[in-house]
Amino acid sequence: MTTEQRARSLGVHVVLIAYSLLAVGPILLVVMNSFKMRNAIFGSPLAPPDAATFSLIGYEKVFRSSHILTYYSNSLIVTLVSMALVLLFGAMAAWALTEYRFRGSTALALFLSIGIMVPIRLGSVAILNMMRSAGLNDTLTALILVYVAQGLPMSIFILSEFIQQIPKDLRDAARCDGVPETRIFFEVVAPLLRPAIATVAVFTIVPIWNDLWFPLILTSSDSTHTVTLGVQQFLGQYITDWNSVLAALSMAILPVVIIYVILSRQLIAGLTSGAVK
Amino acid sequence: MPESVSNITAQMPRAKLAGLLLFFLGPAVAIYTLFSIYPLVATMALSTYTSDPSGARSFVGLANFKTLLGDALWSKPFWNALGNNLIFFAVHMCVQNPVGIALAGLLSLPGLRLRGFYRTVMFLPTMLSVVIVGFSWNLILSPLWGVAAGALKAVGLGSLFAPWLGLESSALVTLSLISVWQFVGIPMMLIYAALLNIPDELIDAARVDGLGQFRIFFHIKLPLVLPTISLVSVLTFVANFNAFDLIYSVKGALAGPNFATDILGTFFYRTFFGNQLQLGNPTMGSAVATVMFFIILLGLCLYLFFVQRRIRRYAF
Amino acid sequence: MANLRIEHLHKRYGATAVLNDVNLKIEDGEFVVLVGPSGCGKSTLLRMIAGLDGASGGDIHIADKLVNTLAPADRGIAMVFQSYALYPHMNVRKNMTFGLKFTGVPPAERERRVTEAARMLRLDELLGRYPRDLSGGQRQRVAIGRAIVREPAVFLFDEPLSNLDAALRVSTRVEIANLHRMLKSTIVYVTHDQVEAMTLADRIVVMNKGCIEQVGRPLDLYYAPANLFVAGFIGSPAMNFFEAKVAGVEGACARVDGPGFRSFDLPATSLKMGDTLTVGVRPEHLARREDGSFTVEGVVELVERLGESSFAYVRRADDRLFVAEVRGRQTPTPGERVALAAANRDVHVFDSSGLRVSSPTNT
Ligand SMILES: Nc1ncnc2c1ncn2[C@@H]1O[C@H](COP(=O)(O)OP(=O)(O)OP(=O)(O)O)[C@@H](O)[C@H]1O
Ligand SMILES: [Mg+2]
């Protein structure tokens, strides 16, 4: 490497490191200070907690005065069930749309793609009315139904791209083998769609976990709040109690960060796989 | 070119095909229609009704829209929200896209070390909830904590600090920048993926032609990822005109100070659910949602007719 | 085991006709090879026999049963794809048994068939492996094995060897021939490779632009091509064609004359004075000899030496090139003037519509 090249490469790294700091700095700051005593939070916000300043008081308060564990389990249930249904129904629909030729298939594909661009939030008034009259308001079922409806169009779009990449010969071979159509989907095609899960997750599952709007509109009791809404309400109530606020924020951040770091390779591969162009 | 659609349906008995389609498409179409399309249509229908205090609804045609756009009590906050929303969007376009492109360009440099690490770290904020991000920045920028002030002082710019989120003049732009900070990962990743798709030989050919990295980026790579950039812009547009969480969690439903950060999403929420100042009004709320729907539709049409058509996709 | 009958088969995609009135009868146990230029509809025909594509018109009978509306699995066929189409997430054994599960074959019987096919194809060691851990040739054998265990009446192969390297292609070709001998089943086999077609086929079907040009035994196609297309398609390097005219008719004989070669007589019934003809001679049938009635002269321009023989590119007086395969050591040298002749039975004459007329008589 020439000196010039080395200088340029150094410059690139300086820029990237600076931006990386900007990206994680705020998160780090919040998490770090959540483990400190109140006067240390204000006295030396940039210092990591040490033996003298370490404190879990914020976390204690969060556990004591909010239903954070309920929120977690609600979020988990809603996200996982929605994810399973979005993937299952999405893949099934994508398969039928890409594999079978039938009258109206183009129209149906267009109909389904409306939901990619038009946010379902705009129908909130009617959704609330519907859920009320069906006796579903303030239930997790209501959230799941809405999220599945919200996630399906995008997941059908992404999964169609993936299904088209599966060699046509494979499906034809299965047909010659006498495999019934439903089995072709579940035993030949579906297992090959595993790499698509990450892409679908980034575009439809993460927004579900993070959503504030529908929990705000559709759930009213603590027992049905999700983490995002629960923490938001907690923050509003305890706004002056910095220990609790930072702890609550950290508790919302940490699980996501941990899962993200574990899965980041797949998630990023899913994002960059070119299925979304 | 042979299509990828199978012709297997040609020999299938009709009843069998119908059964298969029902099985595969039924659940998705049913849920989607019932909980996505029907509510949209029903909301639009509801926007042509009004309800009296007893709860009885009566059809009023376009009167709600007349009120919304003509009655100063409604139209002032509406235009204010729309204007703010446009500023919100403009900040995204002017900051998020260039930063995203620049980062993607740096990330895709050949032979870059620690690429995976940078990618992971820089995409992290995008994975977090808007609520959490908004609140964290709220704390950081708060004069009470003094982290931001301290940081500025450390680099000798202490005098520049102001409680940006609290000032009518800067609150909206600050919130927009927080949103940019969070979502820059999406354009970065999509453009990065598009850059990776450019064949190496093309870049090698340019190198042989004597172009430097900088020129290669501007004259070869950038034109080739233009379709992705325009796609990102549309995604940003739809997301921005539908945004709510950030403003609500940092500024509450009243989008203060003095509605300086009010955008369509918060305006819709206030109209629908009410707040300290007014009672919730589902029919007017529906009217606001309908107008938002048409704004988004208008944006999409403009994009399809003026941008999409001019953009050429290149096959490699 | 079964015969196969195709009657007036048509296939259209929108306005473009891909198959045009295809008629073909294949006997029980016969090995039939489909050849033709790229895009002529070979794969389409095969896929229609399999039931993977529907017909726009016409009938397909397998074992004397009309199968037009039957699903692929119910037709008693098995297909081997060019890409092998092995299920990537199943091991070799599962790949072979997967289809049997759905056709009501009991587990013990499945096991027996897999064992037997594995023995026949030398796959015993590989049964637990996944396709990604197999070489190209092994994948190919698994694909064939998957077809065998179905015990089909008709095997369909679509260019099964085209992804293999040259050496492997030869050995697999021999294996397929052996397999046919052992199983005695009906096989329809698509290929681009002339050697494969000539060596494997009981009969070859030459297709062009969605139509069948000729059906016949390999040597019949070689020695008596029915028309210009088949004459040009079969054989490598391709047959030389010379423009010609009927210069005179004397009784039952027509005198054929043209630029660059000596005129000769043809026993021709229906030819008239002035009819245009095409004379075809294969490069390997041209030699320095005196006895042929067809003699052509020119200057050698280029010689390609292959060892056992050489190809000489010869320019005629009318500036056209033709090719001659010269055997032995007496290769011509560039610049040399040569006269080359072919035996009467190796001279093919086609009329203006491209149909074969006859070969010249001895003079
Ligand atoms: N789904 C389709 N839609 C339109 N045209 C098609 C379709 N499938 C095949 N064709 C056309 O039908 C013709 C025959 O195709 P086919 O695959 O049978 O050719 P082939 O003889 O197998 O060629 P090759 O030797 O290259 O494999 C081609 O011109 C092809 O473009
Ligand atoms: Mg083919």
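Reading the values: the criteria
Residues numbered from 1 in each chain as written. Chains lettered and ligands numbered in written order. Predicted model: local features only at pLDDT ≥ 70, side-chain atom pairs only at ≥ 80, totals over all residues. Heavy atoms only, no water. Near = heavy atom within 4 Å. Polar contact = N/O pair within 3.5 Å; in protein donor to acceptor, adjacent residues only side chain to side chain. Areas by Shrake-Rupley, 256 points an atom, 1.4 Å probe, with all protein chains shown as cover. Helix = DSSP H or I, 4+ residues; strand = E, 2+ residues; numbered from the N terminus. Nonpolar A, V, L, I, M, F, W, Y, C, P; charged D, E, K, R; others polar. Domains from an automatic or database assignment. Contact = heavy atoms within 4.5 Å. Buried area = accessible area lost by both parts, 1.4 Å probe. Expected span 1.5 Å × (residues − 1). Buried < 20%, exposed > 50% of the residue type's maximum accessible area, 1.4 Å probe, protein only. Pairing = 2+ DSSP bridges. Axes fitted to C-alpha atoms, helices over the stretch in contact; angles between N-to-C directions. Phe/Tyr/Trp six-rings, centres within 6.5 Å; stacked < 30°, edge-to-face > 60°. Lys NZ or Arg CZ within 6 Å of the ring centre and 35° of its normal. pLDDT = per-residue confidence, 0-100. Salt bridge = Lys/Arg side-chain N within 4 Å of Asp/Glu carboxyl O. Patch = residues over 30% accessible without salt bridge, like charges linked within 9 Å, V, L, I, M, F, W, Y side chains within 5 Å.

*Asks:* Can you help me understand the site of ligand 1 in this one?
*Replies:* In the neighbourhood of ligand 1, 13 residues make up the surrounding shell, with S38, G39, K42, S43 and T44 of chain C lying closest. Neighbouring residues of ligand 1 are not confined to a single chain but are spread across chains B and C. A distance of 2.5 Å separates an oxygen atom of ligand 1 from a polar side-chain atom of S38 of chain C. H192 of chain C is positioned with one of its side-chain polar atoms (N or O) 3.1 Å from an oxygen atom of ligand 1. When ligand 1 is considered free in solution it has 640 Å² of accessible area, and contact with the protein chains removes 72% of it. Ranked by residues supplied to the shell around ligand 1, first place goes to helix α1 (residues 42-50) of chain C with 3 residues. Here the shell around ligand 1 is built from residues that sort into 4 nonpolar, 6 polar and 3 charged.

*Asks:* Explanation requested: the domain arrangement of chain C in the structure shown.
*Replies:* In many analyses, interface size is given as the accessible surface area lost on bringing the parts together. Residue and element names in this part refer to chain C. Parsing chain C into structural domains produces domain 1 (4-233) and domain 2 (240-350). Put simply, the middle of domain 1 and the middle of domain 2, counted by C-alpha atoms, are 39 Å apart. Contacts between the two partners involve 9 residues from domain 1 and, on the opposite side, 7 residues from domain 2. Counting each side, the surface lost to burial between domain 1 and domain 2 is near 690 Å², with a carbon and sulfur contribution of 60%. On the domain 1 side of the interface with domain 2, the three residues burying the most area are Y222, Y223 and L228, jointly 67% of the side's total. The tally of links between domain 1 and domain 2 comes to 2 residue pairs in polar contact (both at pLDDT 80 or more). Looking at the side of domain 1 that touches domain 2, its residues break down into 7 nonpolar, 2 polar and no charged.

*Asks:* Quick question: what am I supposed to make of helix α4 (residues 115-127) of chain B here?
*Replies:* Residues that lie three or four places apart on an α-helix share one face, since the helix turns once every 3.6 residues. Residues and elements named next belong to chain B. Its 13 residues give α4 an end-to-end C-alpha distance of 19 Å, which sits within 8% of 18 Å, the value for a rise of 1.5 Å per residue. Burial analysis of α4 places 10 of its 13 residues in the buried class, the great majority of the element. Taken residue by residue, α4 has Y118, R119, T120, V121, M122, F123, L124, P125, T126 and M127 as its buried positions.

*Asks:* Is there a simple way to explain the sheet that holds strand β1 (residues 4-13) of chain C in this structure?
*Replies:* Two strands in a sheet stick together by hydrogen bonds in their backbones, pointing the same way (parallel) or opposite ways (antiparallel). All names here are of chain C. The sheet built from 4 strands is open, its strands ordered β2-β1-β4-β5 with antiparallel pairing. At either margin of the open sheet sits one strand with a lone partner, and together these are β2 (16-26) and β5 (65-66). Sitting on the sheet, α1 touches β1, β2 and β4 (57-62), and the angle it makes with β1 is about 115 degrees.

*Asks:* I keep staring at the packing of aromatic side chains and nothing clicks. Help me out?
*Replies:* We describe a pair of aromatic rings using the distance from one ring centre to the other and the angle between the two ring planes. Within this structure, the stated rule accounts for 49 aromatic pairs over all chains. Both rings, one in Y49 of chain B and one in F59 of chain B, keep their centres 5.5 Å apart while their planes meet at 80 degrees; by these two values the pair is edge-to-face. Placement of the pair is Y49 of chain B in strand β1 (residues 49-51) and F59 of chain B in strand β2 (residues 57-59), with a sequence separation of 10 residues. The class for Y49 of chain B is partly exposed, based on a relative accessible area of 31%. Overall, F59 of chain B belongs to the exposed group, its relative accessible area being 57%. An aromatic cluster of three or more residues is present, and its members are W213 of chain A together with F244, Y248, F268, Y269, F272 and F273 of chain B. Above the face of the Y87 of chain C ring, R146 of chain C is positioned so that its terminal group lies 4.9 Å from the ring centre. One Lys or Arg, R282 of chain C, reaches over the ring of Y222 of chain C and ends 4.3 Å from the middle of that ring.

*Asks:* Just checking my understanding: could you explain the confidence of the model for chain B for this structure?
*Replies:* The predicted coordinates ought not to be read in detail in places where the model reports low pLDDT. Residue-level pLDDT values for chain B average 86, and 94% of them are 70 or greater. When the criterion is pLDDT under 50, residues 1-5 of chain B qualifies, and its contacts beyond four places in sequence or with other chains add up to 11 contacts.

*Asks:* Is there a simple way to explain the pairing of strand β15 (residues 294-305) of chain C in this structure?
*Replies:* Within a regular strand, side chains alternate between the sheet's two faces. Residue and element names in this part refer to chain C. Sheet topology places β15 next to strand β18 (residues 337-342); 6 bridges connect them, and they run antiparallel. Residue pairing for β18: V296 is matched across the bridge by L340. Bridge count for β15 against strand β16 (residues 309-315) is 6 bridges, and the pairing is antiparallel. Within the sheet, the bridge partner assigned to E304 lies in β16 and is F311. Linking β15 back to β16 in an antiparallel pair, the connection comprises 3 residues, with G307 at a positive phi of about 105 degrees.

*Asks:* What is the right way to read the interface of chain A and chain B from this model?
*Replies:* With 97 residues of chain A at the interface, the matching set in chain B holds 89 residues. Here chain A and chain B share an interface that buries about 8,700 Å² over both sides, 79% of which is from carbon and sulfur atoms. Taken together, chain A and chain B are joined by 1 salt bridge. For R121 of chain A, the salt bridge goes to D245 of chain B, with nearest N and O atoms at 3.2 Å. Where chain A packs against chain B, one counts 15 residue pairs in polar contact (both at pLDDT 80 or more). The dominant element in the side of chain A that touches chain B, judged by the number of residues it contributes, is helix α1 (residues 3-33) of chain A, at 16 residues. Looking at the side of chain A that touches chain B residue by residue, the classes come out as 70 nonpolar, 16 polar and 11 charged.

*Asks:* In this structure, what is going on with the pairing of β4 of chain C? I would like to understand it.
*Replies:* Residue and element names in this part refer to chain C. In this structure, β1 lies alongside β4, joined through 5 bridges in antiparallel fashion. Across the sheet, the residue bridging to H10 is G57, located in β4. Relative to β5, β4 runs antiparallel, the two sharing 2 bridges. From the neighbouring strand, I62 faces β5, where its bridge partner is K65. Counted between consecutive antiparallel strands, the loop separating β4 from β5 contains 2 residues, among which A63 sits at a positive phi close to 50 degrees.

*Asks:* Explain helix α7 (residues 171-183) of chain B here, please?
*Replies:* In a regular helix each residue adds 1.5 Å, so 13 residues correspond to 18 Å; α7 of chain B covers 18 Å between its end C-alpha atoms and thus fits that length. Buried residues dominate α7 of chain B, accounting for 10 of its 13 residues. Inspection of α7 of chain B places A171, L172, T174, L175, S176, I178, S179, V180, W181 and Q182 of chain B among the buried residues, and these make up the whole buried set. Those residues of α7 of chain B that are buried lie in contact with α1 of chain A together with α3 (72-107), α4, α5 (130-141), α8 (185-197) and α11 (245-251) of chain B.

*Asks:* Could you clarify how one ought to interpret a nonpolar patch on the surface in this entry?
*Replies:* Taken together, the side chains of L298, L302, L304, F305, F306 and V307 of chain B define a hydrophobic patch exposed on the protein surface, amounting to about 580 Å² of accessible area. A residue is classified by how much of its surface remains accessible, and F306 of chain B, at 49% relative accessible area, is partly exposed.

*Asks:* Sorry, what's going on with the sheet that holds strand β6 (residues 77-80) of chain C here?
*Replies:* Residues and elements named next belong to chain C. The 6 strands are arranged β6-β7-β8-β3-β9-β10 in an open sheet whose pairing can be described as mixed. What marks the edges here is a single partner per strand, and that holds for β6 and β10 (211-216). Between one strand and the next, the sheet's axes are offset by a mean angle of 20 degrees, whatever the strand orientation. Along the sheet, α1 makes contact with β3 (31-35), β6, β7 (154-158), β8 (186-190) and β9 (203-208), crossing β7 at roughly 150 degrees.

*Asks:* Any chance you could explain the environment of S244 of chain A here in plain terms?
*Replies:* Residues and elements named next belong to chain A. Tracing the sequence through the fold places S244 in helix α13 (residues 242-271). C-alpha separation for the pair S244 and S82, spaced 162 residues apart in sequence, amounts to 31 Å. Excluding residues that lie within four positions of it along the chain, S244 makes contacts with G58, K61, V62 and F234.

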